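# Coordinate analysis (summary)
Below, each chain spelled out in residue letters.
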Amino acid sequence: MKRSIIFATLLGSALLLGACGDKETKEEPAAETETEETENTMAEQGAVDKSDTTKSDDELKEEFGKEDGVSSVSIIVTEDAGGFVLVDFTVGDDMKEEQAQKLADQFAEKIQEKYKEYKIDVQARKNDETLAQKTIE
């Protein structure tokens, strides 16, 4: 009786270890296969690194930053999907909406001279809200 209990315990342990060990070895190759399939699918679909298609125009950024009342400027030029120039600039608390609109119009015209074939969107922001906007398509 004692022998059968010991034998049953050893057999149960062996089966349990065998089942656990077998499961781990089967899952690892499947994970590698999924990763390879995902990489291949992305390559086939022509996935593009967006950092290669966007840039900043530091010259215009510096010029716009010198304007009175402008505290920060962000310019993003995208070269994919038809080309866009996106400009966000932050103005001081004392700037009126009319002044911000004049600056947005001025910046949009300046950008249009340099980026003729691009769609342009200029936004003046004050306290994280859009104060003025100019769009040229």
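Residues numbered from 1 in each chain as written. Predicted model: local features only at pLDDT ≥ 70, side-chain atom pairs only at ≥ 80, totals over all residues. Heavy atoms only, no water.

Let's shift gears to helix α3 (residues 97–114). Taking 1.5 Å per residue, 18 residues should reach 26 Å; α3 reaches 26 Å between its end C-alpha atoms and fits that length. Contacts made by the buried residues of α3 are with α2 (58–65), β2 (70–78), β3 (84–91), β4 (119–126) and β5 (129–136). (Helix = DSSP H or I, 4+ residues; strand = E, 2+ residues; numbered from the N terminus. Expected span 1.5 Å × (residues − 1). Contact = heavy atoms within 4.5 Å.)

Moving on, we come to the pattern of salt bridges. Counted under the stated rule, the structure contains two salt bridges. A salt bridge links E62 to K66, with the shortest nitrogen-to-oxygen separation between them at 3.7 Å. In this structure, the salt-bridge partner of K110 is E63, at a minimum N-O distance of 3.5 Å. Note that K110 is positioned in helix α3 and E63 in helix α2, a separation of 47 residues in sequence. Classification of K110 by relative accessible area gives partly exposed; the value is 33%. (Salt bridge = Lys/Arg side-chain N within 4 Å of Asp/Glu carboxyl O. Buried < 20%, exposed > 50% of the residue type's maximum accessible area, 1.4 Å probe, protein only.)

What follows covers a nonpolar patch on the surface. On the surface, a nonpolar cluster with roughly 210 Å² of combined accessible area is contributed by I76, F84 and L86. Residue placement: I76 occurs in strand β2. (Patch = residues over 30% accessible without salt bridge, like charges linked within 9 Å, V, L, I, M, F, W, Y side chains within 5 Å. Areas by Shrake-Rupley, 256 points an atom, 1.4 Å probe, with all protein chains shown as cover.)

What follows covers the sheet that holds β5. The strand order across the open sheet formed by five strands is β1-β2-β3-β4-β5, and the pairing between neighbours is mixed. Looking along the sheet, the strands with just one partner apiece sit at the ends: β1 (54–55) and β5. One ladder, built from two bridges, connects β1 with β2; its direction is antiparallel. Within β2, the residue paired with K55 across the bridge is V77. On the sheet, α3 packs against β2, β3, β4 and β5 and is oriented at approximately 35 degrees with respect to β5. (Pairing = 2+ DSSP bridges. Axes fitted to C-alpha atoms, helices over the stretch in contact; angles between N-to-C directions.)

Enumeration over the complete set of coordinates arrives at three aromatic pairs. Here F64 and F107 contribute two aromatic rings whose centre-to-centre distance is 3.9 Å and whose plane-to-plane angle is 15 degrees, an arrangement assigned as stacked. Here F64 is found in helix α2, whereas its partner F107 is found in helix α3, with 43 residues between them in sequence. Given the relative accessible area of 2%, F64 is considered buried. What makes F107 buried here is its relative accessible area of 0%. When the ring of F89 is compared with that of F107, the centres are 4.8 Å apart and the planes differ by 70 degrees; the resulting orientation is edge-to-face. In this pair, F89 sits in strand β3 while F107 sits in helix α3, placing the two residues 18 residues apart along the sequence. (Phe/Tyr/Trp six-rings, centres within 6.5 Å; stacked < 30°, edge-to-face > 60°.)

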